[in-house]
Amino acid sequence: MPVESGKIDEAIKLLSNYIHGKEAALRLALMCVFARGHLLIEDMPGLGKTTLAIAIAKILGLSFGRIQFTSDLLPSDITGLSIFDNNSGAFEFHPGPIFNHIVLVDEINRATPKTQSALLEAMGEKQVTIEGRTYDLPRPFFVIATQNPGEQFGTFPLPESQLDRFMMKISIGYPPRAAEREILKGGSRRKEIYSIEPILEEAEVLAIQEHIRNGIRVSDEMLDYFLDLIGATRSNPFIQAGLSTRGALALTQTAKANAYLQGKDFVVPENVKAVAPYVIPHRVLFREEYDGESKKEILLSILRDLPVPV
């Protein structure tokens, strides 16, 4: 393995000192980074979504950019634009915050659909096209977007094509009582996070991503398990549109990342079950009569009924 999973455990332990009660969210976020995906965090304001994103960037030693989405934000505020330079007599391109390794998009559903769509090419192709020219984005490239619950006033729901670009969708939730007690005693430690020394480096992150893609094995029996699960989402009577091929690839990659973080070089059904609740629900179209809890139960029932390879 390019980096021992114990080193990642060390990073999570260090960050847990600053982000109380968020170890599960930290693991999922790192899993998403290593699987070369993008992460959507949906939760109420004030639960540590932004702090989590900053912490991930610092611990991985990667450049970090932040975009606060508002209703008047323009696509050029994200990608950058060309400005005429009087001295040179030519237009010079000034890159926007999208040209960072990790980009935090705060409150993505506060911006209009036109501005939201400015992220589509960046997230899907790792490049942006501006004024007819195409610019490559740095590697690794990872978007962490935060989203307020859809029923809040002044939000624009993300279209299915945008949601599908996010490999995982998670919630942080309220911290446990003991963790919240520590927060109340010591106050926010977000400023201290900026001084954290990286535990991993850019080259190590790229090596982990490459190892997960090509070094973690998926047996023929496990491939059949994946296909059975994908087929079950497409034939379930409670689901109107099942998992797409892109979603199936995301499920495979996150299961591999889960296996890697457990120190294994092969995927087992438990790895799939661990990530499926964060990869599948936002990618499938449930029938209108089912609310959030019903969606979770539908997915869990599919996983329970699926034969496990021997």
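Residues numbered from 1 in each chain as written. Predicted model: local features only at pLDDT ≥ 70, side-chain atom pairs only at ≥ 80, totals over all residues. Heavy atoms only, no water.

Student: For the environment of V284, give the residues involved together with the corresponding values.
Tutor: Residue placement: V284 occurs in the loop between α13 (269–279) and β11 (285–286). Judged by its relative accessible area of 8%, V284 falls in the buried class. As a C-alpha pair, V284 and F141 span 143 residues in sequence and 25 Å in three-dimensional space. Ignoring anything within four residues of it in the chain, the contact list for V284 reads I239, A241, G242 and L243. (Helix = DSSP H or I, 4+ residues; strand = E, 2+ residues; numbered from the N terminus. Buried < 20%, exposed > 50% of the residue type's maximum accessible area, 1.4 Å probe, protein only. Contact = heavy atoms within 4.5 Å.)

Student: Let's hear about the packing of helix α12 (residues 245–261) against α13: which residues, and what values?
Tutor: Where α12 contacts α13, the two axes come as close as 8 Å, and the packing angle between them is 130°. The orientation of α12 relative to α13 falls into the category oblique. The crossing of α12 and α13 is right-handed. In this structure, α12 contributes G247, A250, L251, T254, A255, N258 and A259 to the contact, and α13 contributes N271, V272, A274, V275, A276 and V279. When its residues are assigned to classes, the contact of α12 with α13 shows nine nonpolar, four polar and no charged. (Axes fitted to C-alpha atoms, helices over the stretch in contact; angles between N-to-C directions. Parallel < 35°, antiparallel > 145°, perpendicular 65-115°, else oblique. Left-handed = near helix turned anticlockwise from the far one by under 90°. Nonpolar A, V, L, I, M, F, W, Y, C, P; charged D, E, K, R; others polar.)

Student: Account for the layout of surface pockets, with residues named and values stated.
Tutor: When its volume is computed, the second largest pocket comes out at roughly 520 Å³. Among the elements of the structure, α6 (120–125), α10 (202–215) and α12 are those that each provide at least two residues to the lining of the second largest pocket. Looking at side-chain class alone, the lining of the second largest pocket contains nine nonpolar, five polar and 10 charged residues. (1 Å grid on protein atoms, 1.4 Å probe; cavity = no way out; pocket = protein on both sides within 12 Å on 5 of 7 lines; lining within 4 Å. Points joined across faces, edges and corners; volume = space filled by probe spheres on them.)

Student: Could you give me a rundown of the packing of helix α2 (residues 23–34) against helix α3 (residues 49–60), with the residues and numbers involved?
Tutor: The N-to-C vectors of α2 and α3 enclose an angle of 55°; their axes lie 11 Å apart at closest approach. As judged from the angle between their axes, α2 and α3 are oblique. The handedness of the crossing between α2 and α3 comes out as right-handed. Contact with α2, carried on its side by A25, L26, A29, L30, V33 and F34, involves L52, I56 and L60 of α3 and no other residues of that element. Of the residues assigned to the contact of α2 with α3, the class counts are nine nonpolar, no polar and no charged.

Student: Explain the side chain of T146 to me, using residue names and the numbers behind them.
Tutor: Structurally, the position occupied by T146 is in strand β8 (residues 142–147). Accessibility expressed as a relative area gives 1% for T146, which makes it buried. Here T146 is in contact with I41, K49, L104, V105, D106, E107 and I108, once residues within four sequence places are set aside.

Student: Outline the nonpolar core, supporting the account with residue identities and numerical values.
Tutor: Among the nonpolar cores identified, the biggest contains 72 residues, and I8, F34, L39, L60, L251 and V272 are the most heavily contacted of them. Per-element tally for this core: the top contributor is α2, with nine residues. Every residue in contact with F34, bar those within four places of it in the chain, is listed here: I8, L60, L200, V205, I208, Q209, I212 and L261. Listed in part, the 24 residues of the second largest apolar core include F69, V105, A111 and F166. (Core = buried A, V, L, I, M, F, W, Y, C linked by side-chain atoms within 4.5 Å.)

In short, the description is geometric, and any link to function would need to be established separately.
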